[in-house]
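Structural features, examined
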Amino acid sequence: MRTGRRQFLVGGVGLAAGLSVLGSEILSTPAESSTVSPFRHGVASGDPLPDAVVLWTRVTPTEQSLPGSGRGPRVTVRWEVALDEAFTDVVRSGAVETDATRDHTVKLDATGLAPATDHWFRFTYGEAVSPTGRTRTAPAPGSTPERLRFGVVSCANWQAGWFSSYRHLAERGDLDAVIHLGDYLYEYQPGKYSYGHRNEDVRRHDPPREIISLSDYRRRHAQYKTDRDLQALHAAVPFIVTWDDHEVADGSWAHGAYEHQAREGSYAKRARAARRAYDEWMPVRISGTAVVGDGRRIYRRLQFGRLVDLSMLDLRSYRSKRVAETDPAIDDPGRTITGEHQLAWLSGNLATSPCRWKLVGNPVMISPVTVPPRPAAEEFALSQTVSLTPLRSSAPNTDEWDGYPSDRRRLLSRVESDGTADVVFLTGDVHTAWANDVPGPTGGIVATEFVCSSLTSNNVDDFIGARPRTVSLTLEAAIQAENPHVRFVNLDDHGHSVLEVTPARIQMDWYAVDDRRDPRSGSRRLASWAVKAGTARVEPVGRSLGA
């Protein structure tokens with residue numbers, strides 16, 4: 001059961017949260033911070049609608065009111081939204097009370113806003129004023145935008161590197177939103193699945209253990225939001241997020257996770273704690289509201305005029321337990337990755353959407369792919385060869401949709417039978433970059449899949465200790481030979497992607513950071529692939545989207 005992304009594409013991952021540098025000074029973890037600002041975790045926005053957006057911050061009213069402490073007074077925080085950065089034209093304002101029961105986080109729906117418009121927002125507590133954030137509302141229903149641009153990211157491992165990609169996205173200035181496809185943070189203890197095959201921490205987690213309790217998850221979220229690059233991106237553009245497994249525990253499913261041990265107590269209690277903290281600390285509507293509540297239903301739908309319909313999925317909370325690819329039960333129609341209600345909801349969204357492009361925020365790969373297992377570190381040390389022939393037998397990764405073929409058939413059969421065009425899956429999880437033509441049940445191409453690489457989490461060359469673009473070249477060639485619908489794959493680089501959507505086509509640009517250990521790392525374009533409306537087939541593009 002440890003095959004798939006762990007053995008081949010990933011081999012292990014780490015825990016994410018962000019901490020970056022400001023000049024030569026490193027901001028310490030929340031428990032050690034000497035900063036006096038009560039808004040030390042920044043500001044954020046998310047889930048833009050034509051007339052509303054979620055606003056978020058966290059206030060630290062006393063030095064005893066640290067994240068996860070359960071301590072501190074009940075306080076009132078005021079908020080403002082303006083049409084200009086100087087706040088001379090304030091269009092909405094109000095006040096929110098918060099206390100230790102919600103970890104002193106502040107989350108609200110700012111409504112009554114103008115569509116397709118930049119807005120600036122800030123919070124005040126007493127005399128203290130938060131940093132200013134910029135957000136943007138979605139286009140009006142029925143409108144026909146000429147272009148939208150989204151950052152696309154996933155798998156940010158705090159221990160494995162710095163979050164330079166967030167800085168590069170924040171500096172662009174041309175994004176309508178950032179789509180985060182999961183593994184925003186990792187639950188692991190220090191030294192587990194960190195940088196490279198030796199698991200060396202580039203920076204250490206807080207708390208310094210695998211997180212299990214509500215207090216633990218709150219502290220881990222807080223550590224993330226001390227990262228300057230992540231703060232800058234949250235302050236620059238709204239996020240549209242979903243969770244994958246590491247927001248709770250590696251390999252999670254509806255009733256457990258293979259990394260959750262009996263000695264760690266009730267998995268159900270752990271999952272409730274993790275999702276409660278996520279609800280508190282993320283600018284997202286869960287169960288249809290910005291009010292922190294049960295932390296349960298995160299799958300939801302957002303539309304951007306008549307250009308984009310975006311369905312964000314939850315592929316962990318309802319899924320059946322994973323089985324091996326040789327288990328006859330794998331094709332049992334009773335097994336599910338989506339749950340019955342979510343699958344019907346998604347199928348209906350795709351069939352009835354009035355929009356040109358139907359995007360699906362899809363945490364794990366939907367394309368059927370068989371892959372050779374990555375060489376073990378000891379095998380590579382003995383061979384020191386890039387040929388590695390003959391490759392061992394290939395297998396699907398059953399942690400992805402490949403492990404739940406019945407659900408995939410039902411979904412893609414509906415797309416095929418309805419003749420639904422221009423369906424594009426945006427995928428994370430596997431720490432590697434892909435552009436795929438998605439085959440339907442009868443063999444024709446029915447959709448497109450763009451998979452973003454990991455922000456920092458380890459991939460193939462990291463885990464086997466090989467130089468980049470050596471052993472992986474052979475593995476990439478083998479993947480494409482066995483899976484002709486895989487048009488592009490890169491197994492080595494870390495970074496971010498930018499998606500441009502126009503009525504005529506969608507283009508994905510992949511960018512790689514030069515060195516994830518360097519907090520000032522630059523980035524370079526890896527590849528650009530596009531799909532034209534009505535074709536479902538990806539083609540290489542020689543030009544990036546600029547910035």
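Structure report, in brief. (Residues numbered from 1 in each chain as written. Predicted model: local features only at pLDDT ≥ 70, side-chain atom pairs only at ≥ 80, totals over all residues. Heavy atoms only, no water.)

Points about the environment of Pro-333
Summarising the element assignment, Pro-333 is placed in the loop between strand E17 (308-312) and helix H5 (340-352). By relative accessible area, Pro-333 is classed as exposed at 55%. Distance from Pro-333 to Tyr-404, taken between C-alpha atoms, is 8.6 Å for residues 71 residues apart in sequence. Residue contacts for Pro-333: discarding those within four places in its chain leaves Ser-406 and Arg-410. (Helix = DSSP H or I, 4+ residues; strand = E, 2+ residues; numbered from the N terminus. Buried < 20%, exposed > 50% of the residue type's maximum accessible area, 1.4 Å probe, protein only. Contact = heavy atoms within 4.5 Å.)

Concerning the sheet that holds strand E24 (residues 486-490)
Judged by pairing direction, the sheet is mixed, and its 7 strands sit side by side in the order E16-E17-E18-E21-E23-E22-E24 without closing on themselves. Looking at the sheet topology across the chains shown, the edges are occupied by strand E16 (300-304) and E24. In this sheet, neighbouring strand axes are inclined to one another by 20 degrees on average, regardless of whether the strands run parallel or antiparallel. In this sheet, strand E23 (residues 445-451) lies alongside strand E21 (residues 423-427) in parallel orientation, the contact comprising 4 bridges. Residue pairing for E23: Phe-425 is matched across the bridge by Glu-449. (Pairing = 2+ DSSP bridges. Axes fitted to C-alpha atoms, helices over the stretch in contact; angles between N-to-C directions.)

Observations regarding the packing of helix H1 (residues 164-172) against helix H3 (residues 228-236)
At their nearest, the axes of H1 and H3 sit 8 Å apart, and the two run at 30 degrees to each other. Between H1 and H3, the crossing angle belongs to the class labelled roughly parallel. Pair H1 / H3 crosses with left-handed handedness. Packed against H1, whose contacting residues are Ser-164, Tyr-166, Arg-167, Leu-169 and Ala-170, the element H3 presents Asp-229, Leu-230, Ala-232, Leu-233 and Ala-236 at the interface. Its residues assigned to classes, the contact of H1 with H3 comprises 7 nonpolar, 1 polar and 2 charged. (Parallel < 35°, antiparallel > 145°, perpendicular 65-115°, else oblique. Left-handed = near helix turned anticlockwise from the far one by under 90°. Nonpolar A, V, L, I, M, F, W, Y, C, P; charged D, E, K, R; others polar.)

With respect to H3
What H3 keeps buried is the set Asp-229, Leu-230, Gln-231, Leu-233, His-234 and Ala-235. Contacts from the buried residues of H3 go to strand E3 (43-46), strand E10 (133-136), H1, strand E12 (177-180), helix H2 (214-224) and strand E13 (239-241). One side-chain oxygen of the residue at the start of H3 lies 2.9 Å from the amide nitrogen of Asp-229, identifying that residue as Asp-227. (Polar contact = N/O pair within 3.5 Å; in protein donor to acceptor, adjacent residues only side chain to side chain.)

Some words on the pattern of salt bridges
In this structure the tally under the stated criterion is 42 salt bridges. Between Arg-469 and Asp-492 there is a salt bridge, with its nearest N and O atoms 3.1 Å apart. Note that Arg-469 is positioned in the loop between helix H8 (460-464) and helix H9 (471-482) and Asp-492 in the loop between E24 and strand E25 (495-501), a separation of 23 residues in sequence. Residue class for Arg-469 comes out partly exposed when judged on its relative accessible area of 31%. Salt bridges sharing partners connect three or more residues here, namely Asp-244, Asp-245, Arg-316, Arg-319 and Asp-399. (Salt bridge = Lys/Arg side-chain N within 4 Å of Asp/Glu carboxyl O.)

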